[in-house]
Amino acid sequence: RRRLALASSSKHRCLQSGAAFRRGLGPTLDFGGDEVEVEVNDSLMRFFDHCAKFVALVEENDAAMCQVNAFKEGPEMKKVLEKVASALCLPVEELNADLVQVAFLTCSYELAIKNVTSPWCSLFSEEDAKVLEYLNDLKQYWKRGYGYDINSRSSCVLFQDIFQHLDKAVEESKSSKPISSPLIVQVGHAETLQPLLALMGYFKDEEPLLASNYARQAQRKFRSGRIVPYAANLVFVLYHCDHVNASQEEYQVQLLLNEKLLPFQHSNETTSTYTDLKDYYKDILENCHFKEECELPQVNVTAVDEL
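Note that this is a predicted model, so its numbers are computed, not measured.

## As for the sheet that holds strand β1 (residues 4–8)
- Here 3 strands make up an open sheet; going across it, the order is β2-β1-β3 and the pairing parallel. With one partner strand each, in any of the chains shown, β2 (39–40) and β3 (183–187) form the two edges of the open sheet.
- As judged from the 5 bridges shared by β1 and β3, these two strands associate in the parallel manner. Across the sheet, residue L4 finds its bridge partner in β3, namely L183.
- Docked against the sheet, helix α1 (residues 12–25) engages β1, β2 and β3, running at close to 160 degrees with respect to β1.

Here's what the structure looks like:
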């Protein structure tokens, strides 16, 4: 009968996911007959909407996507366009990168959701798919990943919330109290998770993703389709360990991304003491203040300079 805390963004698909997750737990967890309420919390699950600096300088700023736009006009995309135009018996002038991307996404959605090979798939080779994957990764990189600091810094409100829950569990455990929320589920978006993982330092390449370095990025770590696929999830698991040599080893943590253990940045191990983890992220936990991070600069600078 311990409490499950369930929060979601206000988007209908997220609320449905939260409710489905609760149903999926089934009778194995007894909540005393009470249906668990899904709490709407956009300030955590859609922090990007509440960050004025991100909205003005990235979300609504065309100049922020200059690398994406340059790649759309670049030689790799030009080759794909010409090939697709030829297959459809169309003049290449009637196609653009956005239309070709829609055809590619139609192919990939039908394959992923229905396991059906759409006729649109016949337009693309594996090499074409890699080019179109890179186009999407460029967008994710500059809009939600490492492209601009504000992308990840805006997620510190969520990062700090996670550690507040963990701190509370540690405190209750040390006081021999029952853990008030042993299971906390927060349902958001790929755009919620991608900035958080960037804030934590995951999937960062040595050089940024650019329109001009497609070939050099063939072995890149930043692949949004692998990082935030359908039903992407990041799980923090807190352990209380009885038989340990030192008190700081009593509480330990594991991270799982999409149900696979994720090695920690500070040790490359898949288990860390909670003390070491907090120490590694001390600067974010103590010095990242959402309100200050997200304030628009008052001085009269251009958006591109600010970025």
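## Considering the pattern of salt bridges
- Inspection of every chain in the model, using the stated rule, returns 13 salt bridges.
- Here K72 and D98 are joined by a salt bridge, their closest N and O atoms 2.8 Å apart. Placement of the pair is K72 in helix α4 (residues 66–72) and D98 in helix α6 (residues 97–114), with a sequence separation of 26 residues.
- Classification of D98 by relative accessible area gives partly exposed; the value is 40%.
- E293 is paired through a salt bridge with R153; the nearest N and O atoms lie 2.9 Å apart. Note that E293 is positioned in helix α14 (residues 290–294) and R153 in helix α8 (residues 149–153), a separation of 140 residues in sequence.
- Note on E293: relative accessible area 19%, which makes it buried.
- Judged by its relative accessible area of 21%, R153 falls in the partly exposed class.
- Taken together, the shared-partner salt bridges connect E133, D137, R220 and R223 into one network.

## Considering unusual backbone geometry
- One non-glycine residue, F203, lies in the positive phi region at around 60 degrees.
- Residue placement: F203 occurs in the loop between α10 (190–199) and α11 (224–227).
- You will see that N258, though not glycine, has its phi angle at about 50 degrees, which is positive.
- Turning to its location among the elements, N258 is positioned in the loop between β5 (251–257) and β6 (260–261).
- Judged by relative accessible area, N258 falls into the buried class, the value being 15%.

## Side note on the nonpolar core
- Of all hydrophobic cores here, the largest spans 69 residues; its most connected members are F71, M200 and L234.
- Of the residues that make up this core, three or more belong to each of domain 1 (4–60 + 149–294) and domain 2 (63–142).
- Those residues in contact with F71 that lie beyond four places of it in its chain are E76, M77, V131, Y134, L135, L138, A211 and Y214.
- One finds L4, V36, V185 and V187 within the second-largest nonpolar core, a separate group that totals 7 residues.

## Observations concerning the domain arrangement of the protein
- Domain assignment breaks the protein into domain 1 (4–60 + 149–294) and domain 2 (63–142).
- One C-alpha centre belongs to domain 1, the other to domain 2; they are set 31 Å apart.
- With 17 residues of domain 1 at the contact, the number on the domain 2 side is 20 residues.
- With both chains or domains summed, domain 1 and domain 2 bury close to 1600 Å², and 55% of this area falls on carbon and sulfur atoms.
- Among the residues of domain 1 in contact with domain 2, L209, A211 and Y214 are the three that bury the most area, contributing 40% of the side total.
- Remark: the boundary between domain 1 and domain 2 carries 3 salt bridges.
- Taking the shortest distance from any N to any O, the salt bridge between R223 and E133 comes out at 3.0 Å.
- Applying the counting rule to domain 1 against domain 2 returns 10 residue pairs in polar contact (both at pLDDT 80 or more).
- If you list the elements that add at least two residues to the side of domain 1 that touches domain 2, you get α3 (52–59) and α11.
- Residues belonging to the side of domain 1 that touches domain 2 are distributed by class as follows: 9 nonpolar, 6 polar and 2 charged.

Conventions and cut-offs
Residues numbered from 1 in each chain as written. Predicted model: local features only at pLDDT ≥ 70, side-chain atom pairs only at ≥ 80, totals over all residues. Heavy atoms only, no water. Pairing = 2+ DSSP bridges. Helix = DSSP H or I, 4+ residues; strand = E, 2+ residues; numbered from the N terminus. Contact = heavy atoms within 4.5 Å. Axes fitted to C-alpha atoms, helices over the stretch in contact; angles between N-to-C directions. Salt bridge = Lys/Arg side-chain N within 4 Å of Asp/Glu carboxyl O. Buried < 20%, exposed > 50% of the residue type's maximum accessible area, 1.4 Å probe, protein only. Core = buried A, V, L, I, M, F, W, Y, C linked by side-chain atoms within 4.5 Å. Domains from an automatic or database assignment. Buried area = accessible area lost by both parts, 1.4 Å probe. Polar contact = N/O pair within 3.5 Å; in protein donor to acceptor, adjacent residues only side chain to side chain. Nonpolar A, V, L, I, M, F, W, Y, C, P; charged D, E, K, R; others polar.

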